Each structure stands twice: as C-alpha cells, then as structure tokens.
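Tertiary structure, described
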Amino acid sequence: MRTMILIAASILVLATACSALTGTPTPRPIYTPYPTYTPVPEIPLELNSNRPTPHAEGGGQPPVSGDICQRSPAVQNALIEKLQLPSCQIINERELLRVTALKISSGRELWAGDLDGLYNLEGLSLSMPALPPPGILTDLHNLKGLKLSMPAPPPPGMLADLGNLSRIEMSFHAGKSHGG
C-alpha cells in the first residue's frame, strides 16, 4: 500500500512538472478509495476449561476445536484405533486428514463438534442410542457412504451438507429419540 502511494505521488509530481514546462493545466489526480482497516477486537477463549458445557441438545461437553481429548469417549477411541496411536494427545489436525473411513459405535451420546476436522472422511458408520446433536456432519463434505443406526430417522437438514453422499444405509432401534 505504501508503494502504491509513493507511485501515485511520483506520478502527480511528474505530471505537475510537465504541465509547468508545457503550460497546460495540471491534470487532477484520480482518487481510488481504499477500504480502511478496522481491527477486530480479540475475543478471549477459555481453552482449558474443566467446567462442562452442555451442547445444544443437552448433556456432554463439546470439544475445543482441535483438541481430540475433549471429544466424546467413543470418538476418541475410534480415532485412536483408526490412526493406531497410543493416545488422543498426539492426534492433531494433520492426523485427522488421514482418516478416510471411521466406525463409531457408542452406548452414549455424541457431542457437538465430535466430527469436526474430518474433512477427508469418505465412509462413516455411526451407531448410537440417541439422535446426534445438530451440525455434527457439517465438516463431512467428502462423505460418500453413510451407515446410521439411531432411535429415529435423522432430523430434517441433518444430511443437507452431504453433497457427495452416494450411499446411505439406515436402521432404527429403541432409544432416546430427542438427543437428551
């Protein structure tokens, strides 16, 4: 930006000098308004909170973005097993990109954000006692195959972001049908 201002000023000085030598009026500078930079205030984030925060459908603690150890135990275990790593503490965003298929079987509810960052997931098998929280499948744009075992059909819009989905299998069983 500073270079552009210097170039514009140099052109204006040169044009003024030329007009003084030739006797023609000085051309008016062309003004192009640039948007002004307005700094966005920082929002403090509490990353290491030990306090449980219920997700939108109740119960559980949602994961802190990128912290696999804060995800539901079923998702932690599935990722540890899939990536063949000793603990959730070594799983980072790069490791999540290696996951292309995942099977999660849980006797407990999943938490909001449990599947965040699994952008390369192409196949997913979910078996759970309650409907998942809203938005759980949001990051799964590459998902091609989905197997769901839930207490009721998925809520409207749950599969809306899954544009590459070509195969889906659903089964329903007794359980909590309203996620909480």
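Calculation criteria
Residues numbered from 1 in each chain as written. Predicted model: local features only at pLDDT ≥ 70, side-chain atom pairs only at ≥ 80, totals over all residues. Heavy atoms only, no water. Helix = DSSP H or I, 4+ residues; strand = E, 2+ residues; numbered from the N terminus. Buried < 20%, exposed > 50% of the residue type's maximum accessible area, 1.4 Å probe, protein only. Salt bridge = Lys/Arg side-chain N within 4 Å of Asp/Glu carboxyl O. Patch = residues over 30% accessible without salt bridge, like charges linked within 9 Å, V, L, I, M, F, W, Y side chains within 5 Å. Areas by Shrake-Rupley, 256 points an atom, 1.4 Å probe, with all protein chains shown as cover.

A separate point is the environment of A130. Looking at where A130 falls in the secondary structure, it is placed in the loop between β2 (123-127) and β3 (145-150). Classification of A130 by relative accessible area gives buried; the value is 2%. Between the C-alpha atoms of A130 and A174, which are 44 residues apart in sequence, the distance is 9.1 Å.

Applying the stated criterion across every chain, the model contains two salt bridges. Here E95 and R98 are joined by a salt bridge, their closest N and O atoms 2.4 Å apart. On the basis of relative accessibility, which here comes to 17%, the residue E95 falls in the buried class. E169 serves as the salt-bridge partner of K147, at 4.0 Å between the closest nitrogen and oxygen. Of this pair, K147 sits in strand β3 while E169 sits in strand β4 (residues 167-172), placing them 22 residues apart in sequence. Overall, the relative accessible area of 42% leaves K147 in the partly exposed class.

Looking now at a nonpolar patch on the surface. Side chains of I168, M170 and F172 sit close together on the surface and give an oily, nonpolar patch of about 260 Å² of accessible area. By the element assignment, I168 lies in strand β4. Given a relative accessible area of 37%, I168 falls into the partly exposed group.

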